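Single-letter residue listing:
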Amino acid sequence: MIDTRNLSLSIGETEILHDVSFSIAPGEVFGLVGESGSGKSMTALAMMGLLPSGGIATGQISLEGEDLLHLSETQMCDLRGRQLGMIFQEPMTALNPVQTIGDQVAETLIVHGVAQRSEAKEIARERLNRVGLTEDRFPLSRYPHELSGGQRQRVCIALAIALRPKILIADEPTTALDVTTQAGILELLLELVRDEGMALMLITHDLAVTAQIADRVAVMEKGRIVEQNTTRTLFETRKHAYTRALFAASTHQPSREARVEDTPLLSVTKAVRDYRLPRRTVFGKTPLFRAVNEVSFDIRRGESLGLVGESGCGKSTLTRAILGLEPLQGGRITLNGDDISTGMTPDLRAKMQVVFQDPYGSFNPRHTVARIIAEPFHLMGRPVDAEDQIARALTEVGLTPDDMRKYPHEFSGGQRQRIAIARALITRPELILLDEAVSALDVRVRAQVLDLLADLQASHDLSYLFVSHDLSVVRRITDRVMVMKSGEIVESGETEAVFQNPQHTYTQTLIAAAPAIPEDWTHGAQDAG
Amino acid sequence: MTRFLLTRLTSLILTLLAASVVIFLVVEVVPGDVASVMLGLNAEPEAVAALREELGLNAPAHVRYLTWVSGLFTGDFGQSHTYRVPVSELIADRLWVSLPLAIYALALSTFIAIPVGLIAATRAGKATDTGIMGLTQLGIAVPNFWFAMFLVLIFAINLRWFPSGGFPGWDEGLWQGIIALTLPAIALAVQQASIMARVTRSATLETLGQDYIRTARAKGLSQRQTVIRHAMRNALIPVLTILGLQFSFLLAGAIIIENVFFLPGLGRLIFQAITQNDLIVVKSVVMLLVFAIVTVNFLVDVAYAAVDPRLRRRA
């Protein structure tokens, strides 16, 4: 139905896509996988005619015999929303914050002249019901900020399918969502394909998601499709080296052996953290929200402990409390027996460092790498051999001492995360908190960083608290794992034991919802290193 | 929404109360004896004593404060020492010039700035945008009194379309009043419009980069429809902020333009009152300006909430 032939794209001097060819049949789910910058999203934008300014596409994209690349902007406007629907990665920002969800869904119908206002509202209602947002809880008058991420993504789907387009392009539709929410959205997309005979082009970096729902898959690298086939065959044969590399990376197991001592390094005892909510009346009592509710656990020396849970479960609050960045309202946290509080001594702080998720936002862009890495020295006074120590830290994380004089923008995401790790290492800490530290990285880079973390743990006698929503990563790097829900630890135990035999229903739900590549597909082909 | 309005209204009243106390303290208590300040250094002690009596300065401070504030509520602002007329009359006369002038200038600048800013944003980086941005740069850089004299030279002296200054009063007819205020309004509006056009442009550009704009385009809206239906309302919030600030400024900050055009406005009144040590007038005019500014800010807050549903719940 949609047939892309030899699609090439350049923006200015840069070539983005080379000879991209694929076709999608009605009722088919076509997966396009690849790492960031491989050209997946650009392919989608070329199909939608929404390329950034200066983008020149050549080749052919035909939708039922009509070449989209030769249509005028007016004709494309008519096609978008009517024949081609698209949803995006970030549901939190994909909706206009100042318009009701009803208006936004109805707008698709109104701009295409399909329905007048009142009728459009009725159809919007019906479409919102279709995506699981029922009238009693989600009247048309709701605003986006009153909805969760998953609910917003459902609104995006509703407005994209309002006119029953022939093809829906979904660009990383579940990447920003929790696993259980992700499972719901994927199920909805599959239902729509089945019931409405719509084709679905699913763009994702997640091989497991593709394995779960795509009929056919194309693998993209540096603007080219290197391999495409039916999903099962592609996963089983993995003909192209890049496919094998991606596959290996996404199931990569860092080699590490537990050298856990029996002495607790960090002890958390009945920690409680309350947040004040806005007062309901002017002189009324301030209502409290308990983000962390009597949580107790230990991290032993040399141990790698996982903390998993969905957004809003309190894991970030707990992390900040452990770092001494938030006061506790009850219980205590100690490191080596010393109390941790917001006013703790610099010496104590130096023993504990953190690596955050976003390798782009966590550095001051105007500081050199040397200055960024040397920042924790203010805790302990700048040593005379600071420069040597920085050089050593850079070498330890796989960069070179020359990188010291560069600025953050000169590095890729993975390299920046290495810089963040170097900054954490500089104070010779005993505990490093990794707060979604590899979540923003591509699979191959993620595998490398996980290896690095495993190596550093062995060479520096480090303990890790590995906070993540990504169960598969936690499973590969931790000795023990805790599952957190609504401010409480609902289950904890040896990682493998918890994953293989989850006791709490919530853990079971989480594990069941996490997409996975079927076991029997993973054998067969020779994996690249 | 009701809760939002109530909290805002409460904070408005508290701000006014706090301001009245500060103004009272600064004018009546801190600099020593009001009467001797008003009469100057060489005043006869008898004259000072008489003035103290006249002003009721012999009463304790809190009584004087309460008298003043209750006077404000009933419209009794006291008597001007230099003009020998009730302050309320003075202010009312001047307000009939300053308020229409401020509204006129603000309306002009808004009607110019918003479309111009939008046009510049949608053509960002192109010649139109560069041209508009250059002009607004000039509009900000040129001092408004100089521009005012330039306007007088062309439109009043050479072309004789407008009077070169003065204000006939609204009794002479609405049209005459508007004509008299046109050149001053333009002189004031140019700078304000330049600032607002730049803010509109950057706010719109930022909005146009948002994800929901992409969603709107994917629905099939044209670039133009996207700007009108989705970008404009979201870009309005920073523009409203500027609008509020500008109105406050225009109400009292037009002293120089009022001088160029010989307009009997509030700016000139307060300037004269200060030079003549007429503290009774100063106190009341400053209070009035605080009231105007706080009220405008309240209205801006209400406008925010009308534009952005996310603010309605927050207080």
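Trainee: Tell me about the overall build of chain A, residues and numbers included.
Mentor: Secondary structure summary: chain A contains 18 helices and 20 strands in total. Here the C-alpha atoms of chain A give a radius of gyration of 25 Å, agreeing with the 24 Å that 2.2 N^0.38 yields for 529 residues. Structurally, chain A occupies a C-alpha span of about 70 × 60 × 45 Å along its principal axes. Residue burial in chain A is summarised as follows: out of 529 residues, 55% are buried. Across chain A, contacts joining residues at least 24 apart in sequence account for 69% of those joining residues at least 6 apart. With 55 positive and 69 negative side-chain charges, chain A shows a spacing of 4 Å between the two charge centroids.

Trainee: An account of the confidence of the model for chain B is requested, with residue identities and associated values reported.
Mentor: Segments scoring low in pLDDT should not have their predicted coordinates read at a detailed level. Residues and elements named next belong to chain B. Per-residue pLDDT for chain B averages 86, and the proportion of residues at 70 or more is 97%. Highest mean pLDDT in chain B belongs to helix α9 (residues 211–219) (93); lowest belongs to helix α2 (residues 34–39) (72). Interface predicted TM-score (ipTM) for the complex: 0.82; the corresponding pTM is 0.82.

Trainee: Describe the packing of helix α9 (residues 241–250) of chain A against helix α15 (residues 443–460) of chain A, naming the residues involved and giving the relevant values.
Mentor: Residue and element names in this part refer to chain A. Running from N to C, α9 and α15 point in directions that differ by 45 degrees, and their axes come no closer than 8 Å. Taken as axis vectors, α9 and α15 run oblique relative to one another. Both α9 and α15 take part in a crossing whose hand is left-handed. Counted together, Tyr 242, Ala 245, Leu 246, Ala 249 and Ser 250 of α9 and Val 443, Arg 444 and Ala 447 of α15 form the full contact between these two elements. Grouping the constituent residues of the contact of α9 with α15 by class yields 6 nonpolar, 1 polar and 1 charged.

Trainee: Tell me about the pattern of salt bridges, and please be specific about residues and values.
Mentor: Oppositely charged side chains can pair when the atoms bearing their charge come close. Residues and elements named next belong to chain A. Under the definition given, this model contains 38 salt bridges over all chains. Between Glu 64 and Lys 166 there is a salt bridge, with the nearest N and O atoms lying 3.4 Å from each other. Taken as a pair, Glu 64 in the loop between β4 (55–63) and β5 (66–67) and Lys 166 in the loop between α5 (149–160) and β7 (167–171) lie far apart in primary sequence, 102 residues in all. Members of the salt-bridge network, linked through shared partners, are Glu 126, Arg 127, Arg 164 and Glu 196.

Trainee: Tell me about the packing of helix α7 (residues 144–158) of chain B against helix α8 (residues 174–208) of chain B, and name the residues and values.
Mentor: All names here are of chain B. Contact geometry for α7 and α8: axes closest at 9 Å, N-to-C directions at 140 degrees. Taken as axis vectors, α7 and α8 run oblique relative to one another. Where α7 crosses over α8, the handedness of that crossing is right-handed. Facing α7, whose interface residues are Asn 144, Phe 147, Ala 148, Leu 151, Val 152, Phe 155 and Ala 156, α8 presents Leu 183, Ile 186, Ala 187, Leu 188, Val 190 and Gln 191. Grouping the amino acids of the contact of α7 with α8 by side-chain chemistry returns 11 nonpolar, 2 polar and no charged.

Trainee: Residues and numbers for the packing of aromatic side chains, please.
Mentor: The final tally for this structure, using the stated rule, is 10 aromatic pairs over all chains. Look at B:Phe24 and B:Tyr65: their rings are 5.3 Å apart centre to centre, the planes differ by 70 degrees, and that puts the pair in the edge-to-face class. With B:Phe24 in helix α1 (residues 2–29) and B:Tyr65 in helix α4 (residues 61–74), this pair connects stretches of sequence that are 41 residues apart. The exposure class assigned to B:Tyr65 is buried, which follows from its relative accessible area of 15%. Chaining the aromatic ring pairs together yields one cluster made of A:Phe235, A:Phe247 and A:Trp521. It is A:Lys485 that lies over the ring of A:Tyr506; its NZ or CZ is 5.4 Å from the centre. Lying across the ring of A:Phe88, B:Arg214 places its NZ or CZ 3.8 Å from the centre.

Trainee: Describe the nonpolar core, and please don't skip the residues or the numbers.
Mentor: The tendency in soluble globular proteins is for nonpolar side chains to be buried as a group. Residues B:Phe261 and B:Val285 are the most contacted members of the largest nonpolar core, which totals 61 residues. In terms of residue count, helix α13 (residues 279–307) of chain B provides more of this core than any other element does, 14 residues in total. Each of domain 1 (2–74) and domain 2 (96–264) of chain B accounts for three or more of the residues forming this core. Aside from chain neighbours lying at most four places away, what touches B:Val285 is B:Ile91, B:Leu266, B:Leu269 and B:Ile270. Core analysis: the second largest hydrophobic core is formed by 57 residues, A:Leu140, A:Ala208, A:Ala211 and A:Ile213 among them.

Trainee: How would you explain unusual backbone geometry if you had to name every residue and give the values?
Mentor: Residue and element names in this part refer to chain A. One non-glycine residue, Lys 270, lies in the positive phi region at around 45 degrees. Of note in the backbone geometry, Ser 486 takes a positive phi value of approximately 45 degrees without being a glycine. Along the chain, Ser 486 turns up in the loop between β19 (480–485) and β20 (488–494).

Trainee: Tell me about the interface of chain A and chain B, residues and numbers included.
Mentor: Taken together, the 27 residues of chain A in the interface contact 22 residues of chain B. Summed over both sides, the interface between chain A and chain B buries roughly 2,300 Å², with carbon and sulfur atoms accounting for 55% of that surface. The interface formed by chain A and chain B includes 3 salt bridges. Put simply, B:Arg229 and A:Glu107 hold a salt bridge, and the shortest N to O gap is 3.3 Å.

Rules and cut-offs
Residues numbered from 1 in each chain as written. Chains lettered and ligands numbered in written order. Predicted model: local features only at pLDDT ≥ 70, side-chain atom pairs only at ≥ 80, totals over all residues. Heavy atoms only, no water. Helix = DSSP H or I, 4+ residues; strand = E, 2+ residues; numbered from the N terminus. Rg over C-alpha atoms; globule rule 2.2 N^0.38 Å. Buried < 20%, exposed > 50% of the residue type's maximum accessible area, 1.4 Å probe, protein only. Contact = heavy atoms within 4.5 Å. Lys, Arg positive; Asp, Glu negative; His and termini not counted. Charge placed at Lys NZ, Arg CZ, Asp CG, Glu CD. pLDDT = per-residue confidence, 0-100. Axes fitted to C-alpha atoms, helices over the stretch in contact; angles between N-to-C directions. Parallel < 35°, antiparallel > 145°, perpendicular 65-115°, else oblique. Left-handed = near helix turned anticlockwise from the far one by under 90°. Nonpolar A, V, L, I, M, F, W, Y, C, P; charged D, E, K, R; others polar. Salt bridge = Lys/Arg side-chain N within 4 Å of Asp/Glu carboxyl O. Phe/Tyr/Trp six-rings, centres within 6.5 Å; stacked < 30°, edge-to-face > 60°. Lys NZ or Arg CZ within 6 Å of the ring centre and 35° of its normal. Core = buried A, V, L, I, M, F, W, Y, C linked by side-chain atoms within 4.5 Å. Domains from an automatic or database assignment. Buried area = accessible area lost by both parts, 1.4 Å probe.

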